Amino acid sequence: MKNSRICGLALRFNYDDPESFRSELRAILDEEDLSREDLGILVALDFVYSQTFDETGVFDFSDVESELLAEGIYSLSYFFARNSEDKIAYLVSKLAVDLIAKECGKEQEINLKMLHMMTSFEMGFGDETLSLFAELVKLEEYVPTQKRFEYYNDLGLVSTQLQTGDNPWKFYERAKEVAESPVRMLMVQLNMIDYLYSKNRFAEAIELLDLAQGCNSEAVSIKGYKLMINLKILLQLNDLSRAAVIAEQLESLINSHIEWTDIAVSYIFLGHFYVKSGNVSRAENYLNQLKSLPDESLTSYIKGETLILEASIMQVKGEHFRALENSVGAFESLTLYSTTSPHLKDFVNNLFESISSVFSQLIRELRLKDDYTALHTLRVLKICYEFGKELDLEKIDLFNLSIGAMLHDYGKVDIPFDTLNKPSSLTEEEFTEIKRHPVYGERYLRDLNFPKAVRDIVRHHHERIDGNGYPDGLKGNEIHMLVQIVAVADVFDALTTDRPYRKAITKARALKYLEEKGDQLISKGLLTRFIEFSQRKEISVKEEEITALWRSIISELFK
């Protein structure tokens with residue numbers, strides 16, 4: 001986009017009131033000598049603004065040539081993407097596909113769908129990206145010659161990152177065949193290297209990178225992309241001496257080209273380099289730069305990667321629970337990309353080792369206080385995990401459920417040993433103290449910044465659907481389903497195991513009790529599912545199983 005007034009109007013898209021927008025648009029029409037490209041972009045701006053804000057446009061779109069509008073929308077979306085306005089770029093391309101693509105010729109339809117596939121991908125909308133990918137694969141014969149490189153290269157990028165069922169390599173090979181310039185050839189070579197990286201084929205990736213041909217006219221974006229790929233591969237190979245050289249070159253490029261659109265991604269991998277090399281303060285500097293970026297430049301990928309970098313820093317500092325919380329948030333943002341992020345998998349494996357160690361220590365602490373509570377905690381965790389899978393819970397809910405179940409009774413470490421293990425009836429004062437353990441546990445997790453879903457489980461697992469629970473007297477829909485799952489698992493395990501003051505009852509009697517009294521405990525539908533589940537399942541667990549169990553729980557997030 002060459003006309004500076006049109007650029008300025010486009011960048012005020014979200015901020016101008018309708019009258020100001022229309023007034024400036026008319027002024028540009030009257031005062032500027034517009035090329036066909038300029039006119040198309042101006043028409044597209046008017047079209048998108050009127051559709052987005054339900055306003056009357058300056059142009060009569062029934063009289064506008066559909067090809068001109070399509071060309072303008074393509075240029076406009078591309079302009080927003082180049083200016084890190086990914087959300088607006090997505091909005092523009094979506095309007096194009098939804099409202100005008102079918103009115104255009106086949107070539108223009110393909111053009112708009114390719115654009116929308118990539119803006120959807122950048123925004124992290126997996127289903128939409130895959131749907132467009134499937135449509136575009138079927139349209140190969142209609143792709144114009146001048147668009148074939150972009151077509152094959154984009155299909156390769158999407159099939160590298162997502163589970164499309166296609167081989168990205170074949171798309172990249174076809175892109176190479178029609179590259180027609182050194183710059184394009186280097187672009188596709190770098191994408192092939194990134195594919196090898198995603199498959200943990202690091203030696204092959206670095207070998208191909210060493211062979212990748214540069215060119216005299218390498219753009220900053222290509223130079224930066226090349227350096228970033230090099231850096232992340234070297235980090236996986238733990239070659240910190242070579243990584244240091246690349247990091248220095250990347251930092252030099254950033255300092256001289258602050259307008260570079262991929263600067264956020266470079267911050268991420270430079271941050272990881274400094275974490276690995278032990279310079280936490282430099283890593284924190286890049287984390288702070290990521291956090292200071294404007295919201296419009298933060299895609300789901302950047303948000304997720306920022307959380308992972310922050311978690312890596314926390315991990316080095318020994319703040320394992322805070323790192324765990326960040327990871328939970330990162331998994332939500334990176335669901336689309338997690339299968340192809342080796343550094344993410346590495347971090348999760350390292351975090352797993354630390355969290356497993358922390359949980360093992362927690363069990364030891366509980367065991368010192370009360371041997372029953374320690375094993376009870378593990379059994380409730382396993383019951384909740386298995387039941388949650390049967391309910392087809394979302395991955396993040398299953399993860400939070402498992403953590404909450406694991407920690408639900410941790411507040412008991414603050415209860416006197418004699419009270420916890422008293423073989424006779426508790427006094428009113430002792431029972432009042434026992435009832436404080438959910439509050440103690442929730443306070444501990446709040447201090448560690450655990451997710452609210454986990455803290456709610458710990459605080460409310462003794463609440464009852466009829467309102468007769470504690471500590472807050474919640475009832476009905478005030479009690480989250482995850483809390484109800486832990487509540488019923490807690491009661492079921494307590495009934496079927498020996499306690500100092502009574503013997504266990506049989507599973508059949510426990511289920512009979514739940515059939516008769518359970519609707520005072522949790523919702524009727526959930527209770528029915530739990531009873532049916534418990535009739536089929538036999539849950540037993542030993543302390544030494546905790547590592548394997550947590551590995552299984554965490555691996556669920558990466559399926």
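Everything discussed here concerns the structure shown above.
In short, a report on the structure.

Rules used throughout
- Residues numbered from 1 in each chain as written.
- Predicted model: local features only at pLDDT ≥ 70, side-chain atom pairs only at ≥ 80, totals over all residues.
- Heavy atoms only, no water.
- Axes fitted to C-alpha atoms, helices over the stretch in contact; angles between N-to-C directions.
- Helix = DSSP H or I, 4+ residues; strand = E, 2+ residues; numbered from the N terminus.
- Parallel < 35°, antiparallel > 145°, perpendicular 65-115°, else oblique.
- Contact = heavy atoms within 4.5 Å.
- Nonpolar A, V, L, I, M, F, W, Y, C, P; charged D, E, K, R; others polar.
- Buried < 20%, exposed > 50% of the residue type's maximum accessible area, 1.4 Å probe, protein only.
- Arc of directions from axis to C-beta.
- Polar contact = N/O pair within 3.5 Å; in protein donor to acceptor, adjacent residues only side chain to side chain.
- Salt bridge = Lys/Arg side-chain N within 4 Å of Asp/Glu carboxyl O.
- Lys, Arg positive; Asp, Glu negative; His and termini not counted.
- Left-handed = near helix turned anticlockwise from the far one by under 90°.

**Describing the packing of helix 1 (residues 4–11) against helix 4 (residues 66–82)**
Item 1. Relative to each other, helix 1 and helix 4 sit at 70°, their axes nearing to 11 Å. Considering their axes alone, helix 1 and helix 4 lie roughly perpendicular with respect to each other. Facing helix 1, whose interface residues are Cys7, Ala10 and Leu11, helix 4 presents Leu76, Phe79 and Phe80.
Item 2. Looking at the contact of helix 1 with helix 4, its residues break down into 6 nonpolar, no polar and no charged.

**Overview of helix 1**
Item 1. Residues of helix 1 that are buried include every one of Ile6, Cys7, Leu9 and Ala10, and no others. In a view along the axis of helix 1, the buried residues occupy a sector of 165°, so they form one face of it.
Item 2. Two or three places before Arg5, at the start of helix 1, stands the capping residue Asn3, its side-chain oxygen 2.9 Å from that residue's backbone nitrogen.

**Here we look at the pattern of salt bridges**
Item 1. Counted by the stated rule, this structure contains 32 salt bridges.
Item 2. Between Asp409 and Lys412 there is a salt bridge, with the nearest N and O atoms lying 3.5 Å from each other. Comparing Asp409 with Lys412, the two get one shared label, buried.
Item 3. Between Glu532 and Arg536 there is a salt bridge, and its shortest N-O distance comes to 2.7 Å. Taken together, the residues Glu532 and Arg536, both in helix 27 (residues 524–536) and 4 residues apart, mark about one turn of the helix.
Item 4. Using a relative accessible area of 35% as the deciding quantity, one classes Glu532 as partly exposed.
Item 5. Ionic contacts of the salt-bridge type, sharing partners, join the residues Arg5, Glu24, Glu31 and Glu32 into one network.

**Structural notes on the side chain of Arg148**
Item 1. With respect to the element layout, Arg148 can be found in helix 8 (residues 148–161).
Item 2. Put simply, Arg148 is tucked away with no salt bridge, and the nearest opposite charge, on Glu140, sits 4.5 Å away.
Item 3. At 3.1 Å, the side chain of Arg148 and the backbone oxygen of Glu140 are in polar contact.
Item 4. Residue contacts for Arg148: discarding those within four places in its chain leaves Glu140, Glu141, Val143 and Val178.

**Comments concerning the packing of helix 7 (residues 126–137) against helix 8**
Item 1. Relative orientation of the contacting elements helix 7 and helix 8 amounts to 140°, with a least axis distance of 11 Å. In terms of orientation, helix 7 and helix 8 fall into the oblique class. In this structure, helix 7 crosses over helix 8, and the sense of that crossing is left-handed. On helix 8, the residues touching Thr129, Phe133, Leu136 and Val137 of helix 7 are Tyr151, Leu155, Val158 and Ser159.
Item 2. Tallied by class, residues from the contact of helix 7 with helix 8 come to 6 nonpolar, 2 polar and no charged.

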